[in-house]
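# Summary of structural features
In case you want the letters, here they are:
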Amino acid sequence: MANTTGSSRKELIEELERLKQEHRDMDDVIARLQEHAPFDQLQLVRLKKKKLNLKDSMNRIESQLLPDIIA
């Protein structure tokens, strides 16, 4: 596991915040697209996939920030 102390931890937190903002922005884009029927289904699927990828990235960073639990 990478060292998550000092500046690297700060960088992870900053990246997590950036991803969270992008994820929220993606919600807005998807909602606006769906307001205007007919809308491009392929574009909608691509946006949702990108949103899911953002969520996966957020989860990876969050797991790096959490201390390891010894079982």
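Refer to the structure printed above.
The numbers attached to residues start from 1 for each chain and follow its sequence in the written order. In view of the model being predicted, local features appear only for residues whose pLDDT reaches at least 70, and side-chain atom pairs are presented and counted only at 80 or more, with totals across whole chains, interfaces and linings using the full set of residues. Only hydrogens and water are set aside when side-chain values are computed; all heavy atoms of the structure are taken into account.

### Details of the overall build of the chain
Applied cut-off: Note on conventions: DSSP H or I runs of at least 4 residues are helices, E runs of at least 2 residues are strands, and numbering of each starts at the N terminus. Between buried and exposed lies partly exposed: a residue is buried under 20% and exposed over 50% of the maximum accessible area for its type, with that area taken using a 1.4 Å probe on protein chains only. Whether two residues are in contact is decided by their heavy atoms: any pair within 4.5 Å suffices. Method for areas: the Shrake-Rupley scheme with a 1.4 Å probe, in which residue coverage is limited to the protein chains shown.
Helices and strands together make up the secondary structure of the chain, namely 2 helices and 0 strands. Expressed as a percentage of the 71 residues in the chain, the buried residues total 20%. Sequence separation of at least 24 residues holds for 69% of the intrachain contacts in the chain that already meet a minimum separation of 6. For the chain, the accessible surface area stands at approximately 5600 Å², while carbon and sulfur atoms represent 55% of it.

### Some thoughts on the pattern of salt bridges
Note the cut-off: By salt bridge we mean one thing: a side-chain nitrogen of Lys or Arg within 4 Å of a carboxyl oxygen of Asp or Glu.
Considering all chains together, one arrives at 6 salt bridges under this definition. Glu 15 is paired through a salt bridge with Arg 18; the nearest N and O atoms lie 2.7 Å apart. In this pair, Glu 15 and Arg 18 both sit in helix H1 (residues 6–35), 3 residues apart, roughly one turn of the helix. Note on Glu 15: relative accessible area 30%, which makes it partly exposed. Its salt-bridge partner being Glu 17, residue Lys 20 comes within 4.0 Å of it at the nearest N-O pair. Residue Lys 20 and its partner Glu 17 are both found in helix H1; the two are separated by 3 residues, about one turn of the helix.

### With respect to helix H2 (residues 41–65)
Here is the rule we go by: By this rule the span expected of a helix is its residue count minus one, scaled by 1.5 Å. Whenever a nitrogen or oxygen atom comes within 3.5 Å of another N or O atom, the pair is scored as a polar contact, on the condition that within protein one atom can donate a hydrogen and the other can accept it, and that pairs from neighbouring residues in sequence are kept only if both atoms are in side chains.
Helix length check: H2, at 25 residues, gives a terminal C-alpha distance of 36 Å against a target of 36 Å (1.5 Å per residue), a fit within 8%. Turning to H2, its buried residues are Leu 44, Leu 47, Leu 54, Met 58, Ile 61 and Leu 65. Taking the backbone nitrogen of Leu 42 as reference, a side-chain oxygen 3.0 Å away marks Asp 40 as the first, capping residue of H2.

### Some points on the nonpolar core
Heads up, the rule is: Within this scheme, the nonpolar core is defined by two criteria: the residues are buried Ala, Val, Leu, Ile, Met, Phe, Trp, Tyr or Cys, and they are joined through side-chain atoms within 4.5 Å.
Counting 12 residues, the largest nonpolar core consists of Leu 12, Leu 16, Leu 19, Met 26, Ile 30, Leu 33, Leu 44, Leu 47, Leu 54, Met 58, Ile 61 and Leu 65. Elements supplying a minimum of two residues to this core: H1 and H2.

### Observations regarding the environment of Val 29
With respect to the element layout, Val 29 can be found in helix H1. Val 29 sits in the partly exposed class, given a relative accessible area of 32%. Sequence spacing of Val 29 and Leu 47 is 18 residues, and the spatial spacing of their C-alpha atoms is 8.2 Å.

### Describing unusual backbone geometry
Of note, the bond from Ala 37 into Pro 38 is cis; its omega dihedral lies within 30 degrees of zero at -10°. Within the secondary structure, Pro 38 is located in the loop between H1 and H2.

Functional significance is not addressed by these values, which are geometric in nature.
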